[in-house]
Amino acid sequence: MKSVTIQDIKLHVLAMPLVELLKTSFGAEPQKSAIIVEVLSSEGLTGWGETALKTKPSYGSETILTALHITRDFLIPSLLGKTIASPTEVPELLRAVRGNHHARAGLEAALWDLMAKANGMRLADYFACHLPAQARPRDDVQVGVSIGIQESLDAQLTLIQKRLDEGYQRIKLKIAPGWDLELASAVRGRFPDITLMLDANSAYTLKDIEHLKQLDQFGLLMIEQPLAYDDIYEHSLLQAQLRTPICLDESIYSAQDWRIALELGAGKILNLKPTRVGGYSESLKIHQLCVETNTPLWIGGMLETGVGRAANLAFASLPGVTLPSDISATDRYFDPDIAEPPFVLGAGSSLKVPSGPGIGVDVQRDRLEEACARWREINPFKPLF
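A look at the overall build of the chain
Per the secondary structure count, the chain includes twelve helices and 15 strands. A compact globule built from 385 residues should have a C-alpha radius of gyration of about 21 Å, and the chain, at 20 Å, falls within 12% of that. Overall, the chain is about 60 × 50 × 45 Å in size when its C-alpha atoms are taken along their principal axes. The proportion of buried residues among the 385 residues of the chain is 57%. Counting every atom, the chain has about 15,800 Å² of accessible surface; 52% of that belongs to carbon and sulfur.

Considering the sheet that holds strand β10 (residues 246–248)
Ordered by their spatial adjacency, seven strands build an open sheet running β6-β7-β8-β9-β10-β11-β12, and the pairing between neighbours is parallel. In the strand order of this sheet, the two ends are held by β6 (145–147) and β12 (297–299), each with one partner. Pairing analysis gives five bridges linking strand β7 (residues 170–174) to strand β8 (residues 195–199), with the strands arranged parallel. Paired with Leu173 across the two strands is Leu198, which belongs to β8.

A word on the pattern of salt bridges
Across all of its chains, the model carries 23 salt bridges by this definition. In this structure, Arg163 and Glu166 form a salt bridge, with 3.0 Å as the shortest nitrogen-oxygen distance. Here Arg163 and its partner Glu166 are both found in helix α5 (residues 153–166), three residues apart, which amounts to about one turn of the helix. On the basis of relative accessible area, Glu166 is assigned to the partly exposed category, the value being 38%. Several salt bridges share partner residues, and in doing so they unite Arg170, Lys172, Lys174, Asp199, Glu224 and Asp326 into one network.

Some words on the sheet that holds strand β2 (residues 31–41)
Reading across the sheet, the four strands line up as β3-β2-β1-β4 and stay open at both edges, with antiparallel pairing between neighbours. Edge strands, defined here as strands with exactly one partner in the open sheet, are β3 (46–52) and β4 (83–84). Across eleven bridges, the pairing between strand β1 (residues 4–17) and β2 is antiparallel. Counterpart to Lys10 in the pairing with β2 is Glu38. The strands touched by helix α1 (residues 64–79) are β1, β2 and β3; relative to β1, the strand with the most contacts, the crossing angle is about 170°. Where helix α3 (residues 101–118) meets the sheet, its contacts fall on β1, β2, β3 and β4, and the angle it forms with β3 comes to roughly 155°.

Side note on the nonpolar core
Within the largest apolar cluster, 122 residues are counted, with the highest numbers of intra-cluster contacts made by Leu14, Val39, Leu173, Val187 and Leu215. By residue number, the principal contributor to this core is α3, which donates ten residues. Those residues in contact with Leu215, other than ones at most four positions away along the chain, are Asp180, Leu181, Ala184, Leu198, Leu220, Ile223 and Thr244. Formed by six residues, the second largest nonpolar core is a distinct cluster that contains Cys247, Ile269, Trp298 and Leu323.

Digging into the environment of Gly120
Relative to the assigned elements, Gly120 resides in the loop between α3 and α4 (123–128). The spacing of Gly120 and Pro357 is 237 residues in sequence and 5.7 Å in space, taken between C-alpha atoms.

Cut-offs and rules
- Residues numbered from 1 in each chain as written.
- Predicted model: local features only at pLDDT ≥ 70, side-chain atom pairs only at ≥ 80, totals over all residues.
- Heavy atoms only, no water.
- Helix = DSSP H or I, 4+ residues; strand = E, 2+ residues; numbered from the N terminus.
- Rg over C-alpha atoms; globule rule 2.2 N^0.38 Å.
- Buried < 20%, exposed > 50% of the residue type's maximum accessible area, 1.4 Å probe, protein only.
- Areas by Shrake-Rupley, 256 points an atom, 1.4 Å probe, with all protein chains shown as cover.
- Pairing = 2+ DSSP bridges.
- Salt bridge = Lys/Arg side-chain N within 4 Å of Asp/Glu carboxyl O.
- Contact = heavy atoms within 4.5 Å.
- Axes fitted to C-alpha atoms, helices over the stretch in contact; angles between N-to-C directions.
- Core = buried A, V, L, I, M, F, W, Y, C linked by side-chain atoms within 4.5 Å.

In structure tokens form, the structure reads like this:
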């Protein structure tokens, strides 16, 4: 495999209007915000990555502004001028900076793209080169769709029907206290045979055990992250009383976290968001652990642009990813996206893995600059002191 030397790294902070808001138990943001990372090599190649975050510390503790600070002032200086033979070297190069997983992930993602291009490989195949020899990525990835909290049950049912008509075969619904049992009952009454899961985004506590046990009657694929975002132990107490599998999301930041969760019986399924665990190097470790333990795995999303969506789709093509992933078609979120071509839902509720080198999509610089200008307009710089 060819090495690359990192010559320059540029950060593009953007804001993009969403086709449809995604309301969860902790609210909704009217814009998609992200940091697009552009890495240039001394060999004349460009790699793209996405730091997928929110403007508020809601999903996790990081925000766009904290990630911008950490990336610019600490992570980039640790990489400039370095020659690397594999992106798996990046975590060690950044070891002096603790935490800040989303910031790390965006930078590392750009290097995965860069090095796949340097070696003339699509990113999916380059990922597979870092797994045991028998690993072979798929050309198509089965996906589902996530639907936020709506204003009424009628609106919720109408939107579910719309997504089914579009071809999605796995439906994920956001829930919260007061928007759960009645919702699940209405959906099952209207759509008795669909593959259905519920995502709580940490909206419940152990005091809600008897209430949550009532969800067992609805034949759910899983309940995602019902308890605290930083908890593993209490999920093990809840899982012991539920027939429905618990899927962990926000609680898992590393392969070690998932190993502990499995030992405790805290969950039976994992939603792996590569940005949450610090990047694709750690994601590969988690993928391998899931293969070894026969754990159902799927790839989650953070409303990524085509840059992050393409990379996540490449990872979701790996053989250890066994459940439909949250990587919906481009038109579910953006019109237009900053990258071309768009991702289009195909037969069997699937998306095609790009066939070109690296992430396989091209960033449209005019759209990127327009999105960056929107960020500057919406979020003017405010001095901290």
